[in-house]
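What the coordinates show
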Amino acid sequence: MHTQRILVTGGAGFVGSHLCDRLLESGAEVLCVDNYYTGSRLNVAQNLSNPRFELLRHDVTMPLYVEVDQIYNLACPASPVHYQFDPVQTTKTSVHGAINMLGLAKRVKAKILQASTSEVYGDPTIHPQVESYWGNVNPIGIRSCYDEGKRCAETLFFDYWRQHKLRIKVARIFNTYGPRMHPNDGRVVSNFIVQALKGEDITLYGDGTQTRSFCYVDDLVDGLIRLMNTGDDVTGPINLGNPVEFTMKQLAELVLELTGSKSALVHRPLPSDDPRQRQPDITLAKQHLDWTPTAPLKVGLMKTIEYFDGLLKAA
Ligand code: NAD
Ligand code: UDP
Ligand code: UDP
């Protein structure tokens, strides 16, 4: 078999850059496509001298003509602050981006994986969330550009599968964290760590009893690659996330403990449509991918703290 040629859209972002690293380690050729909206060339700088790596500035809302065997479609801003900055562009990225990447996959007969999200469940009324749950999403709220864009992308994936027999894989990714998160992207893990390291107040939105389940990025990337390499009968959607659930208050306290910071906890208003609770049911991932996350939150947080500490010292 020839060397696998793999396209990663959003490859200069947080998750995408780790994925590029791992695919290169496995011997593949990697074409990283990104418009640097939230990502950065710095995230993939370590690969620029690798002859199997290619970096292309391109916006996925525009057609792309390349020859590849696999496509990981990750292009899309992922944090509320970024995806709400230009909500129309967010929907376009998810919807037009999916159409273009599916059209490409159709033409070159590539396997294609979509980075979907736990946000398709909205503010879930069942707990933990299973893939068969249809979700509780506000179609006209401030999170809708992201949630509904991702839902429509899933619809497109399944219609290309039914109509054009494409080989598709849909991963529903739950909150993921780790080195190379954007320090200013407003997500809770990066916010708390940066605040703690700078000795600034830790901003707890609402009363801090809302929950999330955090997956370390190495575990997630392992799950994505396993999903891509399943047989053609496995399309997903499959949840990928760490089922260990924490309240935001517990997370804040853990970050304070691990950084040894004296920062104070302060409360800020809860943003609208903020989901109350979130925890993946990963039965399907265990069954089909033999996958289960291995990094405990403490261990992953330590690595992330180390990364941000280095970043802040270099600044
Ligand atoms: P990120 O913002 O770091 O990465 C997204 C990348 O896509 C960036 O490099 C950005 O520049 C690029 N991009 C955005 N719009 C583009 C466009 N129109 N054309 C080309 N490139 C574009 O976010 P991330 O956390 O790495 O997320 C990666 C993917 O995983 C996203 O699709 C996101 O929705 C999904 N996801 C992430 C999480 C998480 O917790 N990190 C959870 C659920 C789903
Ligand atoms: N497309 C692309 N690269 C390709 C093939 C298609 O970007 O190699 C885009 C193309 O611009 C088109 C979209 O993907 O708008 C959907 O392609 P498809 O073949 O499904 O539909 P059609 O071309 O009939 O609109
Ligand atoms: N959050 C918080 N303080 C912050 C940033 C976020 O308490 O500085 C809360 C936010 O309200 C949400 C949770 O942390 O309940 C996770 O937020 P994030 O934006 O990281 O992810 P998402 O809401 O998309 O899961």
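In the annotation of an unreviewed UniProt entry, the chain is listed under the name NAD-dependent epimerase/dehydratase and assigned to Caulobacter segnis. Turning to the chain, the UniProt annotation filed under Cofactor (unreviewed entry) states: "NAD(+)".

**Some details on the sheet that holds strand β3 (residues 53-57)**
Pairing between the strands of a sheet is mediated by backbone hydrogen bonds and can be parallel or antiparallel. In spatial order, the strands read β3-β2-β1-β4-β5-β6-β11; together these 7 strands make up an open sheet with parallel pairing. Each having just a single partner strand, β3 and β11 (238-240) make up the two edges of the open sheet. Averaged over all pairs of adjacent strands, the angle between their axes in this sheet comes to 20°, without regard to strand direction. In this structure, strand β5 (residues 111-117) lies alongside strand β6 (residues 168-173), joined through 6 bridges in parallel fashion.

**Looking at the site of ligand 1**
Neighbouring residues of ligand 1: 29 residues in total, closest Gly10, Gly13, Val15, Thr38 and Gly39. Among the elements of the structure, α1 (14-25), α3 (87-108) and β5 are those that each provide at least two residues to the shell around ligand 1. Among the elements that make up the shell around ligand 1, the one with the highest residue count is α1 (3 residues). Its residues assigned to classes, the shell around ligand 1 shows 13 nonpolar, 14 polar and 2 charged.

**A word on the site of ligand 2**
Close to ligand 2 lie Pro63, Leu64, Tyr65, Ile99, Asn100, Gly103, Leu104, Lys106 and Arg107. When the residues that make up the shell around ligand 2 are grouped by side-chain class, the tally is 5 nonpolar, 2 polar and 2 charged.

**Describing the packing of helix α5 (residues 188-198) against helix α7 (residues 248-259)**
Helices that pack against each other are described as a pair by the angle of their axes relative to one another and the distance between those axes. The N-to-C vectors of α5 and α7 enclose an angle of 40°; their axes lie 10 Å apart at closest approach. Judged by the angle between their axes, α5 and α7 are oblique. Crossing of α5 over α7 shows right-handed handedness. Along the contact surface, α5 presents Val188, Phe192, Ile193, Ala196 and Leu197, while α7 presents Met248, Leu251, Ala252, Val255, Leu256 and Thr259. Classifying every residue of the contact of α5 with α7 gives 10 nonpolar, 1 polar and no charged.

**What about the nonpolar core?**
Formed by 78 residues in total, the largest nonpolar core has its most connected members in Ile71 and Leu224. If we skip the residues at most four places from it in the chain, Leu224 touches Leu19, Tyr72, Leu113, Ala171 and Leu240.

**Quick notes on the pairing of strand β8 (residues 202-205)**
Burial along β8 is one-sided: the face carrying Ile202 and Leu204 is buried and the face carrying Thr203 and Tyr205 is not. Two strands pair when backbone bridges link them, and β8 and strand β13 (residues 265-268) are joined in this way by 4 bridges, in the parallel orientation. Bridge assignment links Thr203 to a residue of β13, and that residue is Val266.

**Structural notes on the UniProt feature "domain: NAD-dependent epimerase/dehydratase" (unreviewed entry) in the chain**
Cross-referencing UniProt, the feature "domain: NAD-dependent epimerase/dehydratase" (unreviewed entry) maps to residues 6-241 in the present numbering. Across residues 6-241 one finds 35% helix and 19% strand; the C-alpha atoms that close the span lie 23 Å apart.

**Notes on α3**
Here α3 is 22 residues long and its end C-alpha atoms lie 31 Å apart, about the 32 Å a rise of 1.5 Å per residue gives. At Thr93, α3 shows its largest kink, close to 25°. Three or more residues of α3 are buried, namely Thr90, Thr91, Thr93, Ser94, Gly97, Ala98, Asn100, Met101, Leu102, Leu104 and Ala105. Positioned one or two residues after α3, Lys109 has a phi angle of 55°, which is positive.

**A closer look at the confidence of the model for the chain**
When pLDDT is averaged along the chain, the result is 97, and 100% of the positions lie at 70 or above. Overall fold confidence for the complex sits at a pTM of 0.97, while the interface term, ipTM, reaches 0.97.

Analysis parameters
Residues numbered from 1 in each chain as written. Chains lettered and ligands numbered in written order. Predicted model: local features only at pLDDT ≥ 70, side-chain atom pairs only at ≥ 80, totals over all residues. UniProt positions renumbered as here; feature names shortened; annotations may be inferred. Pairing = 2+ DSSP bridges. Helix = DSSP H or I, 4+ residues; strand = E, 2+ residues; numbered from the N terminus. Axes fitted to C-alpha atoms, helices over the stretch in contact; angles between N-to-C directions. Near = placed C-beta within 6 Å. Nonpolar A, V, L, I, M, F, W, Y, C, P; charged D, E, K, R; others polar. Parallel < 35°, antiparallel > 145°, perpendicular 65-115°, else oblique. Left-handed = near helix turned anticlockwise from the far one by under 90°. Contact = placed C-beta atoms within 7 Å. Core = buried A, V, L, I, M, F, W, Y, C linked by C-beta atoms within 7 Å. Buried ≥ 20, exposed ≤ 12 C-beta atoms within 10 Å, placed from the backbone. Expected span 1.5 Å × (residues − 1). Bend = angle between axes of the 7 residues up to and from the residue. pLDDT = per-residue confidence, 0-100.

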